[in-house]
Amino acid sequence: MWSFYNPVKIHFGWNAVNSIKNFIYPGKALIVTGRSSTRILLKKLLEYLKTTPYVLFDNVEENPSAQTVEAGIELCRRENCSYVIGFGGGSPLDCGKAIAFLADKNVNVLDVMYKRVLVEKTGLPFIAVPTTAGTGSEVTPYSIITDTENKKKISIANINSFPQTAIVDPELTISKPSKITASCGLDVLTHAVESAWSKNSNEISRALSVWAVKLVLENLEKTVKDGTNKSGRENLMLASMIAGVAISGTGTTINHPISYPLTLYKGLAHGFACAISISEIMRYNYPYCREILDQMAFFCGLNSNEQLIERIENLLKNINAPTKLSQMGLGENDLEWLTEESFSKNVERNPAPVDKKILYNLLKKMI
Ligand code: NAP
Ligand code: ZN
């Protein structure tokens, strides 16, 4: 038996955001957004929301911290907000989602992250409006929050923490510079591949994953080179959202945990940090998930897993993504701490066995 659950109401299309007023709630909104890049887009959002009471929380950093979530919760309570709108990349969306989920509960954010304090009740309604095509956070229950003191990225997730509504408008991604487009597109690719081979995958999630991989392979390079390419932007936004639906039930496996120390210690953008391990792990996992990787290759018009890996390696090179840990100044001396920091319970979902020794040897091949 398998089960699939994703309760998010999705509204997808060009100018979808213009109709945001149709989806709002009574009372005051807390609008959660990033610090700078999305200012012009935010102005437009506020025009579409005119006469709607709101408070702005525009202080979300990349890889949002537990302290930022606490500050947002405090503002949300002080202003008596009845729902939350997240507007921006994965960072503001994850932060807004966590604020909405926890604002009506008497819990500490770090406790929820570490002690997995049970939070069974649904929070305030959350409307997610992504401006990057990458994380799929608009359709997942996950908020990836950083403990800055101990340099750890931890997911808050619960069956009750899904957004209520996702307004997915490719127009909002047109302003993304090529480097962010590239990194976010690789995040989509990694979500799709990790979800496909996850031990938790099922018929629905695998179909979505395979479709998302094809969309990324066909659209990412041309959109990185020309950000005004409308069909490229639309297909990447679609890929991001459907890969998000896929991982919303399966979770990620091994590439995401490997990414966290690369982001936290080396400042590597999330998608680049995830994709750096993709080809090595595709080779390692293949004997344990032949069927889905063969189907993926075939659906992408390729004949084998090796051809798919080669296609992905070429894509990484063509969009200037790092492909080796040494490009981050990491060498053999770093393998021990890197293994410790990368090892997480997510690897239990990986189709091939992973213990610390195996992980060490896999990382060694990536130097
Ligand atoms: P991000 O950290 O949200 O944003 C990266 C940069 O892009 C920021 O400087 C941001 O500006 C800028 N930006 C966003 N939209 C833009 C636009 N339309 N035009 C120009 N610049 C724009 O990046 P992200 O890759 O989307 O999110 C990464 C985060 O999501 C990580 O913390 C990662 O762990 C998490 N994540 C979550 C999930 C999930 O399921 N919840 C899945 C994967 C990853 P501002 O400074 O103004 O924000
Ligand atoms: Zn990701």
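Quick note: structure is the one above.
Rules used in this analysis
- Along each chain, residue indices are assigned from 1 in the same order as the chain's sequence is written.
- All chains are assigned letters beginning with A, and all ligands numbers beginning with 1, in the order in which they are written.
- Only residues with pLDDT of at least 70 are given local features in this predicted model, and only at 80 or more are side-chain atom pairs given and counted; all residues enter the totals for whole chains, interfaces and linings.
- Just so you know, side-chain values use all the structure's heavy atoms and leave hydrogens and water out.
- We call a residue near a molecule or strand whenever a single non-hydrogen atom of that residue lies within 4 Å of it.
- Within 3.5 Å is the distance limit for a polar contact, defined as a pair of N or O atoms, with the added protein rule that one can donate a hydrogen and the other accept it, and that residues adjacent in sequence qualify only through two side-chain atoms.
- Per-residue and other accessible areas were derived by the Shrake-Rupley procedure at a 1.4 Å probe size, with only the shown protein chains allowed to occlude residues.
- Helix and strand definitions here come from DSSP, where helices need a minimum of 4 consecutive H or I residues and strands a minimum of 2 consecutive E residues; each element is numbered from the N-terminal end.
- For this classification, the nonpolar set comprises Ala, Val, Leu, Ile, Met, Phe, Trp, Tyr, Cys and Pro, the charged set comprises Asp, Glu, Lys and Arg, and every other residue, Gly included, is treated as polar.
- At least two bridges found by DSSP between two strands are what make those strands a pair.
- Each axis is a line fitted through C-alpha atoms, taken for helices only over the stretch in contact, and angles between the N-to-C directions span 0 to 180 degrees.

(A) Quick peek at the site of ligand 1. Around ligand 1, 32 residues are found, and the nearest of them are Gly90, Ser91, Asp94, Thr131 and Thr132. For ligand 1, an oxygen atom lies 3.4 Å from a polar atom in the backbone of arginine 35. One nitrogen or oxygen atom from the side chain of lysine 153 is found 2.9 Å from an oxygen atom belonging to ligand 1. Protein chains shield 92% of the accessible area of ligand 1, which is 930 Å² for the free molecule. The element that contributes the greatest number of residues to the shell around ligand 1 is helix α3 (residues 90-102), accounting for five residues. Grouping the amino acids of the shell around ligand 1 by side-chain chemistry returns nine nonpolar, 16 polar and seven charged.

(B) Looking closely at the sheet that holds strand β2 (residues 29-34). Strand order in the open sheet made by the six strands is β1-β8-β5-β4-β2-β3, with parallel pairing throughout. Bordering the open sheet on either side are β1 (9-12) and β3 (54-60), each of which pairs with just one other strand. Averaged over all pairs of adjacent strands, the angle between their axes in this sheet comes to 15 degrees, without regard to strand direction. Inspection of the sheet shows β2 paired to strand β4 (residues 83-88) by five bridges, in the parallel sense.

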